[in-house]
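# Architecture and fold: a report
The chain contents come next:
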Amino acid sequence: MRLKRPRLRLDPESYRSLHKAILERDRWRCQFCGSLIALEVHHMKFRSELGDDAEDNLITLCRSCHQKVHQR
């Protein structure tokens, strides 16, 4: 039997700090279309699929691109 790896899920205050760090890392631009408005941080591997709250799993997207990703 395979053991599950616990996922990294930050407390709300730590997540807010990471959220800001991701926006700064991505220069406050959607990484798909380059928009500077309505920015959100997206989990590339969804939390529902045990995606971590980790810098290498997060990307900045505008609301429109974020919605498109979740519609697929």
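That block above? That's the structure.
Residues numbered from 1 in each chain as written. Predicted model: local features only at pLDDT ≥ 70, side-chain atom pairs only at ≥ 80, totals over all residues. Heavy atoms only, no water.

### Some details on the state of the cysteines
How we decide: Two cysteine sulfur atoms form a disulfide, by the criterion used here, when they sit within 2.5 Å. Working definition: with a 1.4 Å probe on protein chains only, accessible area under 20% of the residue-type maximum means buried, over 50% means exposed, and in between means partly exposed.
Counting across every chain of the model gives zero disulfides. Of all cysteine sulfurs in the structure, the one in Cys62 sits closest to Cys33, which takes part in no disulfide; the separation is 3.7 Å. A relative accessible area of 48% places Cys33 in the partly exposed class. Unpaired in this structure, Cys65 has its nearest cysteine sulfur neighbour in Cys62, at a distance of 3.7 Å.

### Quick word on unusual backbone geometry
Counted only if it meets this: In DSSP terms, a helix is any run of H or I states spanning at least four residues, a strand is any run of E spanning at least two, and both are numbered starting from the N terminus.
Look at Arg27: it is not a glycine, yet its phi comes out positive at around 60°. Although it is not a glycine, Leu50 sits at a positive phi angle of roughly 65°. As for its position among the elements, Leu50 is in the loop between β1 (39-43) and β2 (58-62).

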